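One-letter residues, chain by chain:
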Amino acid sequence: MIRRAETQDAQAMGQVLSDWIDATPWMPRLHTRAQDAGFCARLIETADVWVAEASGGVGFVARKGDSIDALYLAPDLRRQGWGRALLEVAQIDRSRLTLWAFQANTPAIAFYNACGFAVVERTDGQACDEKIPDLRMLWERT
């Protein structure tokens, strides 16, 4: 089931984010788990956020204007169609969306390419907190 995120979802969303950071060797941990949950609580307050709930956990997408600011899934929800479903909800009333992805996150880049996003900018990562090379991707409705 996909639905709008509510305040009480922040803890589960933060856990998904924190678990991904901890499982990703190239990703530095800059914040505590409590700060990750706080970040998710602020997303719910300041962005359009949808949550996917399934027996394998949760996933979420956050959109601010025409920008996807977060898309994370619990491991058991990956490659099950939940990411695409969340992305489609975020796209439904937009003619274009942009997002940033770390260049090292090749599975995410492949997923976004398969969903019609194209790379429009590459950086050395010095402008982001993590200092990891990233890229900006664009999707436009055809």
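This write-up is about the structure you can find in this document. Residue numbers run consecutively from 1 along every chain, following the written order of its sequence. In keeping with the model being predicted, local features are shown solely for residues with a pLDDT of at least 70 and side-chain atom pairs are shown and tallied solely at 80 or more, while totals for entire chains, interfaces and linings include all residues. As a convention, hydrogens and water are excluded, and side-chain values are obtained from all of the structure's heavy atoms.

1. Describing the overall build of the protein chain
Logical step 1: The number of helices and strands found in the protein chain is 4 helices and 7 strands.
Logical step 2: Seen in sequence order, the protein chain has helices and strands lined up from the N terminus as β-α-α-β-β-β-α-β-α-β-β.
Logical step 3: Atoms considered for the radius of gyration are the C-alpha atoms alone. The globule rule reads 2.2 Å times the number of residues to the power 0.38. For the protein chain, the C-alpha radius of gyration of 14 Å lies close to 14 Å, the compact-globule estimate for 142 residues.
Logical step 4: For the protein chain, the C-alpha atoms occupy an extent of roughly 35 × 35 × 30 Å along the three principal directions.
Logical step 5: Type-normalised accessible area, obtained with a 1.4 Å probe on protein chains alone, sets the label of each residue: buried when under 20%, exposed when over 50%, and partly exposed for intermediate values. A burial count over the protein chain gives 44% of its 142 residues as buried. Secondary structure elements follow DSSP: runs of H or I of four or more residues count as helices, runs of E of two or more count as strands, with numbering from the N terminus.

2. Brief notes about helix α3 (residues 82-91)
Logical step 1: Turning to α3, its buried residues are Gly83, Leu86, Leu87, Ala90 and Gln91. In an axial view of α3, the angular spread of the buried residues amounts to 140°, which keeps them on one side of the axis. Read the arc as the range of directions from the helix axis to the C-beta atoms.

3. Section: the packing of aromatic side chains
Logical step 1: Two rings from Phe, Tyr or Trp (for Trp, the six-membered ring) form a pair when their centres are within 6.5 Å of each other. A pair whose planes differ by under 30 degrees is stacked, one over 60 is edge-to-face, and the rest are tilted. Summed over all chains, the structure comprises 6 aromatic pairs.
Logical step 2: Seen in terms of ring centroids, phenylalanine 60 and tyrosine 72 are 5.7 Å apart; in terms of plane orientation they differ by 35°. Their pairing is tilted. Highlighted residues: phenylalanine 60 in strand β3 (residues 57-64) and tyrosine 72 in strand β4 (residues 67-73), separated in sequence by 12 residues.
Logical step 3: In this structure an aromatic cluster arises from ring pairing among Trp20, Trp26, Phe60, Tyr72 and Phe102.

4. Comments concerning the pairing of strand β7 (residues 134-140)
Logical step 1: Counted residue by residue, β7 has 5 buried out of 7 residues, so it is predominantly covered.
Logical step 2: Only when DSSP finds a minimum of two bridges between them are two strands counted as paired. Relative to β7, strand β5 (residues 96-102) runs antiparallel, the two being bridged by 7 bridges. Within the sheet, the bridge partner assigned to tryptophan 100 lies in β7 and is arginine 136.
Logical step 3: Taken together, the 4 bridges between strand β6 (residues 118-122) and β7 define a ladder with antiparallel strand orientation. Pairing of arginine 122 across the sheet is with leucine 135, part of β7.

5. A word on the packing of helix α1 (residues 10-23) against helix α2 (residues 33-46)
Logical step 1: Think of each axis as a best-fit line through the C-alpha atoms, taken over the contacting stretch in the case of a helix, with angles from 0 to 180 degrees between the N-to-C directions. Where α1 contacts α2, the axes come no closer than 8 Å and their chain directions differ by 130°. Between α1 and α2, the angle is such that the two are oblique. With respect to the hand of their crossing, α1 and α2 are arranged in right-handed fashion. For the pair α1 and α2, contact is made by Ala10, Gln11, Met13, Gly14, Gln15, Leu17, Ser18, Asp19, Ile21 and Asp22 and by Arg33, Asp36, Ala37, Phe39, Cys40, Ala41 and Ile44, respectively. To sort the angles, those under 35 degrees are grouped as roughly parallel, those over 145 as roughly antiparallel, those from 65 to 115 as roughly perpendicular, and the leftovers as oblique. Throughout, a crossing is termed right-handed when the near helix is turned clockwise from the far one, and left-handed when it is turned anticlockwise from it by less than a right angle. Here, two residues are considered to be in contact whenever any of their heavy atoms come within 4.5 Å of each other.

6. Quick word on the sheet that holds β3
Hydrogen bonding along the main chain pairs the strands of a sheet, whether they run parallel or antiparallel.
Logical step 1: Here we have 7 strands laid out as an open sheet, ordered β1-β2-β3-β4-β5-β7-β6, and mixed in their pairing. On the outer flanks of this sheet lie β1 (2-4) and β6, each paired with one strand and no other. When the angles between neighbouring strand axes are averaged without regard to direction, this sheet yields 30°.
Logical step 2: In this sheet, β4 lies alongside β3 in antiparallel orientation, the contact comprising 6 bridges. The residue of β4 that forms the bridge with valine 61 is leucine 71.
Logical step 3: Sheet strands touched by α2: β2 (48-54), β3 and β4. Its angle to β3, the strand with the most contacts, is close to 50°.

7. Things to note about helix α4 (residues 106-114)
Two residues of an α-helix separated by three or four positions point the same way, owing to the 3.6 residues in each turn.
Logical step 1: Taken together, the buried positions of α4 are occupied by Ala108, Ile109 and Tyr112. The buried residues of α4 occupy an angular sector of 100° when the element is viewed end-on, so they sit on one face. Facing away from the buried surface of α4 by more than 90 degrees, the exposed residues are Thr106 and Ala114.
Logical step 2: Along its buried surface, α4 packs onto β4, α3, β5 and β7.

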